[in-house]
Amino acid sequence: MIRGLALLLLSVAAVAQQPPPDKPMTVEKIKEGLYVIRGPFSVCGTQGCRGASPKPAADGLMHEAGDVAVRVTTDGVILVDDKFSWNVPELLEKVKSVTSQPIRYILNSHYHPDHTGANAATMLAHGFEVIAQRNLRDEILGKGGTLRNEPAAAPRIVFGDFGALYLGGVKVQMLYLGRAHTSGDTFVYFPDLKAVHTGDVLMDGAPFIDYRGGGSALAWVNTLHKLLELDFDTVIPGHGPILTRQYAREYVKKFEMMNERMIKLVKAGVPRDRDRLVAGLKLDDLGWAHTDSTDTFIENSITAYYDEMAGVK
């Protein structure tokens, strides 16, 4: 009896240690003809609780694959980003819940697989056309960066600094304003709705500067200033809730402040030590000390960030 009780308690403990299952995607109407699909949500990171022994992310926060914008027109649907390949069935189901129009095009905001991982699955299995900035395509093909997709995921149509789609009387612009999060960040602008999908250039969290993927903190600030020249009031970020133009303004100021702090650390001779750099940046007062991108920024960007600021004259 005692042995049986002990086994039961051990089983309960094991279940309690397992992370909760993914929460399904959500769909939200932003403006007439424009929706955002978020999720699935998980404490295991952007890829969800997958594998035989799933482990929660170290930050204990809820993570999600990239936010997808859905622009509905009378002649079909345009998506911005498409999450991971295994998200396709649920993603398509969510699109069908808001419109019977077929998907015509998928526009990529940047190359990371939580935003482009379904390119191959959507192109090959469903025949949707994917369009992206040329640097982004190079990143997917492995010519730089750290998070590469399979070659089949590479878009077949690319543009340089500007591209546009005209579908069902709707104009959608694709703008490359310079490097930021990566070397191929694209803003998808809906001028008739004064809304823009920014990918991970704007999000409710610390900026992850993907240096191996061509990212740059200094260029990021310049790119955001160019973004603010557009007429928009609504931001669909790469992750998280809908943001505003005012949020974009404040984000630029915070980023400039963080850059100034890192430059001061360099000039003060603070060693290239992760913990000391984090302390010196004072992420708390920027609101970036505990976000779902903070650990990624610290672990993957901060020493390269120090090196970039060390080059400032």
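Throughout, residues of each chain are indexed from 1 in the direction in which the sequence is written. Residue-level local features of this predicted model are given only where pLDDT is at least 70; pairs of side-chain atoms are given and counted only at 80 or more, and the full residue set underlies all totals for whole chains, interfaces and linings. Where side-chain values are given, they derive from all heavy atoms of the structure, hydrogens and water being excluded.

### Remarks on the state of the cysteines
In this description, a disulfide is simply a cysteine sulfur pair whose atoms lie within 2.5 Å. What the rule picks out here adds up to one disulfide. Each disulfide pairs two cysteine sulfurs, and for Cys44 the partner residue is Cys49, the sulfurs being separated by 2.3 Å. Note on the Cys44 and Cys49 pair: the S-S dihedral is about 85 degrees, so by sign convention the disulfide is right-handed. Three exposure classes are used, based on accessible area relative to the maximum for each residue type with a 1.4 Å probe and protein chains only: buried under 20%, partly exposed in between, and exposed over 50%. A relative accessible area of 15% means that Cys44 is categorised as buried. Using a relative accessible area of 22% as the deciding quantity, one classes Cys49 as partly exposed.

### Comments concerning the packing of aromatic side chains
Classification of ring pairs rests on two measures: the distance between centres of Phe, Tyr or Trp rings, Trp counted by its six-membered ring, which must be within 6.5 Å, and the angle between planes, read as stacked under 30 degrees, edge-to-face over 60 and tilted in between. Scanning the entire structure with this criterion turns up seven aromatic pairs. Both rings, one in Phe84 and one in Trp86, keep their centres 4.5 Å apart while their planes meet at 10 degrees; by these two values the pair is stacked. Take Trp86: its relative accessible area is 35%, and that puts it in the partly exposed class. Through successive ring pairs, a cluster of aromatic residues spans Trp220, Tyr247, Tyr251, Phe255 and Trp288. Look at NZ for Lys and CZ for Arg. If either is within 6 Å of the ring centre and within 35 degrees of the ring normal, a charge sits over the ring. Over the face of the ring belonging to Phe232 we find Arg245, whose NZ or CZ atom lies 4.7 Å from the ring centre.

### Quick look at the environment of Asp210
In this text, helices come from DSSP runs of H or I with a minimum length of four residues, and strands from runs of E with a minimum of two, each type numbered from the N-terminal end. Its place among the elements puts Asp210 in the loop between strand S13 (195-199) and helix H6 (217-227). Taking the C-alpha atoms as reference points, Asp210 and Phe297, 87 residues apart in sequence, are found 8.6 Å from one another.

### Topic: the pairing of strand S5 (residues 68-73)
Counting buried residues along S5, six of its six residues qualify, which places the element largely inside the surrounding structure. Here the rule is simple: two strands pair whenever DSSP picks up at least two bridges between them. Note: S5 against strand S6 (residues 76-80), five bridges, orientation antiparallel. Bridge pairing links Thr73 to Gly76 in S6. Connecting S5 to the antiparallel partner S6 that follows it, the hairpin turn spans two residues.

### Observations regarding the sheet that holds strand S15 (residues 243-244)
Here we have six strands laid out as an open sheet, ordered S10-S11-S12-S13-S14-S15, and mixed in their pairing. The outermost strands of the open sheet, each flanked by one partner alone, are strand S10 (162-167) and S15. Relative to strand S14 (residues 234-237), S13 is paired through four bridges, and the arrangement is parallel. Each residue of the ladder has a partner; that of Val196, found in S14, is Val235.

### Details of the pattern of salt bridges
Salt bridges are defined by distance alone: a side-chain nitrogen of Lys or Arg within 4 Å of a carboxyl oxygen of Asp or Glu. Inspection of the entire model under this criterion finds nine salt bridges. Put simply, Arg38 and Asp67 hold a salt bridge, and the shortest N to O gap is 3.9 Å. Placement of the pair is Arg38 in strand S2 (residues 34-38) and Asp67 in the loop between strand S4 (63-64) and S5, with a sequence separation of 29 residues. Each member of the pair, Arg38 as well as Asp67, is classed as buried. Its salt-bridge partner being Arg71, residue Asp192 comes within 2.6 Å of it at the nearest N-O pair. On the criterion of sequence distance, the pair formed by Asp192 in the loop between strand S12 (187-190) and S13 and Arg71 in strand S5 is long-range, its members being 121 residues apart. A relative accessible area of 47% means that Asp192 is categorised as partly exposed. With relative accessibility at 4%, the residue Arg71 sits in the buried group. Connected through salt bridges with shared partners, the residues Arg38, Glu64 and Asp67 form a single ionic network.

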